[in-house]
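Analysis of the macromolecular model
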Amino acid sequence: MTGQRLRMARAARDAASTQVARGQALHELSLAAYDAYVETGRLDLMDEAVAAAEAGLRATPAADAEAYSDRANDFGWMLRQRYDDRRDEGDLWRAVSALRTAVRRTPDGHLEWPGRAMNLANALTELYERIDAGQLLDEAIGLLEEAVRRSPPNAPDHGSLLSALSRTLRTRYGGVGSRTDLERSVHLDELALAAIPPRHPDRVVLLGNAANGLSHLSTSRDASWRRAVTLWREAYELGLEQQPVVALTFCLNWLHSALARKAAADATDAAAFAQRALDRLVAVQQSRGEQEVWLRYATSLPSLAAQVYVEAGDPERAVLAVEHARATLLAATLARTDRGNAPTFSQLREIAGRDGPLVYLVPSSRAMALIVGAAGVSVLPLPKLTEEAVESAVKNLYGRYNRRRADIEGWRKAFDDVTRWLWTAAMGPLLGSLGAHRRVNLLPGGALALLPLHAAWEPAAGQTATGRRYASDNILIALQPNAKLLLRPPVPASAGARRLVAVAEPQPTSQRPLPFAVAEATAAVAAFPGTRPIIHKEATVERVIARIADADVIHFACHGQIKIDEPLAGGLILANDHLLTIGTVLDSRLAARLIVASACESAAIPPDLGDQAVNLAAALLQAGSHAVLATAFAVGDDTALVLATRFYAEWRAGAPGPQALRAAVTFLRDTTNAEKLRWVNELRGAKWPAAVTDPLSNMLALKRPAERSFAHPTEWAPFTWWGRHVGA
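Residues numbered from 1 in each chain as written. Predicted model: local features only at pLDDT ≥ 70, side-chain atom pairs only at ≥ 80, totals over all residues. Heavy atoms only, no water.

**Notes on the overall build of the chain**
To be explicit about the condition: Runs of H or I in DSSP of at least four residues are treated as helices and runs of E of at least two as strands, each being numbered from the N terminus. As a reference, a globule follows 2.2 Å times the number of residues to the power 0.38, and the radius of gyration itself is taken over C-alpha atoms. Should any heavy atoms of two residues lie within 4.5 Å, those residues are considered in contact. Residue exposure ignores everything except the shown protein chains as possible cover, and the areas themselves are Shrake-Rupley values with a 1.4 Å probe. By the counting scheme adopted, Arg and Lys are positive, Glu and Asp are negative, and His together with the chain ends is not counted. In this description, the location of a charge corresponds to atom NZ of lysine, CZ of arginine, CG of aspartate or CD of glutamate.
The secondary structure content of the chain amounts to 29 helices and 16 strands. Relative to the globule expectation of 27 Å for 728 residues, the C-alpha radius of gyration of the chain, 30 Å, shows essentially globular dimensions. When its C-alpha atoms are laid out on the principal axes, the chain stretches across 100 × 60 × 45 Å. Long-range pairs, those at least 24 residues apart, make up 71% of the contacts in the chain with a sequence separation of at least 6. Here the chain displays about 28500 Å² of accessible surface, and carbon together with sulfur accounts for 52% of that area. Distance between charge centroids for the chain: 5 Å, based on 81 positive and 79 negative side chains.

**Notes on helix H17 (residues 345-355)**
To keep it simple, the criterion reads: Each residue is assigned to one of three classes by its accessible area relative to the maximum for its type, calculated with a 1.4 Å probe on protein chains only: buried under 20%, partly exposed between the two thresholds, exposed over 50%. Arc definition: it is the arc formed by the directions from the helix axis to the C-beta atoms.
Phe345, Leu348, Ile351, Ala352 and Asp355 are the residues of H17 that are buried. In an axial view of H17, the angular spread of the buried residues amounts to 110 degrees, which keeps them on one side of the axis. For H17, the exposed residues lying more than 90 degrees away from the buried face are Glu350 and Gly353. Where H17 terminates, the next one or two residues include Gly356, which has phi positive at roughly 105 degrees.

**Describing the sheet that holds strand S11 (residues 560-561)**
Let me state the cut-off plainly: When DSSP finds two or more bridges between a pair of strands, those strands are recorded as paired.
One open sheet holds the 3 strands; their spatial order is S11-S12-S13, and the pairing between them is antiparallel. Strands with a single pairing partner mark the edges of an open sheet, and in this sheet they are S11 and strand S13 (579-581). Sheet topology places strand S12 (residues 571-573) next to S13; 3 bridges connect them, and they run antiparallel. Directly across from Gly571, in S13, lies its bridge partner Thr581.

**Notes on helix H22 (residues 541-548)**
Those residues of H22 that sit buried are Val541, Val544 and Ile548. The buried side chains of H22 occupy one side of the element, clustering within an arc of 70 degrees when seen end-on. Turned more than 90 degrees from where H22 packs its buried face, Glu542 and Ala546 sit exposed. Packed against the buried residues of H22 are strand S8 (500-506), strand S10 (553-557) and S13.

**Points about the packing of helix H1 (residues 2-15) against helix H2 (residues 19-40)**
This is how the line gets drawn: A fitted line through C-alpha atoms represents every axis, and for helices the fit uses only the stretch in contact; the resulting angles, taken between N-to-C directions, go from 0 to 180 degrees. Roughly parallel means an angle under 35 degrees; roughly antiparallel means over 145; roughly perpendicular covers 65 to 115; every other angle is labelled oblique. By convention the crossing between two helices is left-handed if the near helix lies anticlockwise of the far one by an angle smaller than a right angle, and right-handed if it lies clockwise.
Where H1 contacts H2, the axes come no closer than 8 Å and their chain directions differ by 155 degrees. On the basis of the axis angle, H1 is roughly antiparallel to H2. For the pair H1 and H2, the sense of crossing is left-handed. Residues Thr2, Arg5, Leu6, Ala9, Arg10, Ala12 and Arg13 of H1 lie in contact with H2, whose contacting residues are Arg22, Ala25, Leu26, Glu28, Leu29, Leu31, Ala32, Ala33, Asp35, Ala36 and Glu39.

**Some points on the nonpolar core**
We apply this condition: Residues enter a nonpolar core if they are buried and are Ala, Val, Leu, Ile, Met, Phe, Trp, Tyr or Cys, with the set joined through side-chain atoms within 4.5 Å.
Of all hydrophobic cores here, the largest spans 128 residues; its most connected members are Leu255, Leu348, Leu358, Tyr360 and Leu370. The biggest single contributor to this core is helix H12 (residues 244-260), with 11 residues. Discounting residues that sit within four places of it in the chain, Leu348 has contacts with Val319, Leu320, Pro343, Leu358, Tyr360, Val372 and Ala483. One finds Phe415, Leu616, Leu621 and Leu641 within the second-largest nonpolar core, a separate group that totals 120 residues.

**Things to note about the pattern of salt bridges**
So the rule is basically this: Only one rule defines a salt bridge in this text: a Lys or Arg side-chain nitrogen within 4 Å of an Asp or Glu carboxyl oxygen.
Enumeration over the complete set of coordinates arrives at 45 salt bridges. Between Arg354 and Asp355 there is a salt bridge; the shortest N-O distance is 3.0 Å. Under the relative-accessibility criterion, Arg354 is labelled partly exposed at 35%. What makes Asp355 buried here is its relative accessible area of 8%. Within the structure, one salt-bridge network assembled from shared partners comprises Asp47, Arg82, Arg86 and Asp91.

**Some words on the environment of His27**
Checked against the element boundaries, His27 lands in helix H2. On the accessibility criterion, His27 (7% relative accessible area) is buried. Taking the C-alpha atoms as reference, His27 lies 57 Å from Arg412; in sequence the two are 385 residues apart. Excluding residues within four positions of it along the chain, His27 makes contact with Asp70, Arg71 and Asp74.

**Topic: the environment of Met368**
Position of Met368 among the secondary structure elements: in strand S2 (residues 368-373). Spatially, the C-alpha atom of Met368 lies 4.9 Å from that of Leu382, the residues being 14 residues apart in sequence. Look past the residues within four positions of Met368 in its chain and what remains in contact with it is Ala306, Gln307, Val310, Tyr360, Leu361, Val362, Val379, Leu380, Pro381 and Leu382.

**Digging into the side chain of Asp189**
With respect to the helices, strands and loops of the structure, Asp189 is situated in helix H9 (residues 179-194). Taking the relative accessible area as the measure of exposure, Asp189 reaches 1% and is therefore buried. Dropping the residues within four chain positions of it, Asp189 is found in contact with Ser163, Ser166, Arg170, Asn209 and Ala210.

In structure tokens, the structure reads:
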């Protein structure tokens, strides 16, 4: 019904031939688009509603007081609703301005004055919550008291007025702490519910508001709390189909309140309900940016769900909830049609038995690691891994990273500080709990996915070449965007990698040159006799796509480009600045055993994304590759040349991928430049191509022989392993 109404409203707008008719048509369109937004949660419809409301108001003559005040009111409450979704403070200020105009131009005795005063009061209350100006809250309460006084008890919006006054009094209670305000708020909520029919659309909001109020009355699991749980449940059941945004909001409130009073067992349904509402909202959005709004809105859901299930004694459901959250954005953005078939817990146990434990790291006020092994799940508390601490570490690390060219020492110090903290807060306790396990799959969540967990370290003076022991020295680490990708059949052990495609330094491009990229690709080719790299002008999108379709191993030594709003449009920069996009790679349905993507920040995740790790490495796994060796930060192509050459030598000799990477990293990090030069001479003796050995020796000859030029983790830690522990 809303869809048909919206189509008719758009047609009426297009057909309007006069300014007055256009103003009326735009107003009707704004209402139709808003109602469609309420029903679906689609943010593009909210934007259409706001734009139409604003255009309709501009087309309305100021002399038409009735129409102007009506449309100013509608424009204002739509802006306020959009603020609730996107938290753009500009929308809230504009909402207050438009609603003040609507109230000011509405005569005192007008039937619509109470409703318009309520809308203004709601916006003022939210502005107070944003800027803490007490006079705004006083004005809001005054408006609502007067609106309730003027509204007959049988008026259609009388219940909404009572609920709005209740919420505003509860806001004052939160700031001033007057029990009188809270008790009156709860009483008003009961009156509001009694004043509105059971299936009325506004009842969803009233139910949730009443539950929120009751949850403040005590800190125990008393009658008020039980009543609140009943009302939240009813709000969800009524709101999921009619108002999924509201349903999600109140389920999050329910979770927070249950954890605060140690009543997790009363909120296990809330975790499942909230995830269903979020899934519904994400699925209907029309762009990645709109999906991101809802994923950011519910960014706390995975940790809340994990806490609730663990405290309720059901850690298996905690694992499944976090796994679902890890997979949501990747499936919605990249898989497109493959959003079902979530792994069961028994499947996760099978994966852990085959590939090593699955470790879901969940930062929160009650941070934890959920460790899935072949025998079940264990919970490791990580009290130092709070969301605030993780966010501080990300801010420190990426702030220095973005200024690294001007302050390399500041970048290195920040890296050292953050990775030392990661040992204390996460990796040290985790490695201690894993015991004899020699490999692990890490699934970090939220902003934690931005941090180099494998480079976490503890002092080891006199015990190692660098005086440190790193997490990756102790255990083979594979990163996973989610465990669902590991459900695919593994590579048969008997099927060796035979065909390699290497792409290096496409030209011409506007990117900085990569002097060692061709040598790096040649090192890859040397491990696979009978192939040659695709370089320079040969590296066109068409040629590369044709060659990689049936490759066992693919090596990219080129630049990449991340597009936050359209991840499918990001990818690798080939000749003539043409992009081999993630979307194109996904359509190629690769079956590669391994993709190496160096020198292009291919494992980088933009810091403003939500809980899901979406990067080129994750996309390549989704496209069909079994494993990806990628870079999380920019690296010098001299570093990439040494590491890639050593990696292929180790991998082709029989070491599984993560083990070969660790061996290559250890060599890169711990040997002196003189030792590396001796290794290059060994390569010459083994008939490695001069196109590899000459650049290596020329580069190393410029460095001081006794130094370890690649020892600092900013040199080697960018290299990360994603996916399966594949062999060559």
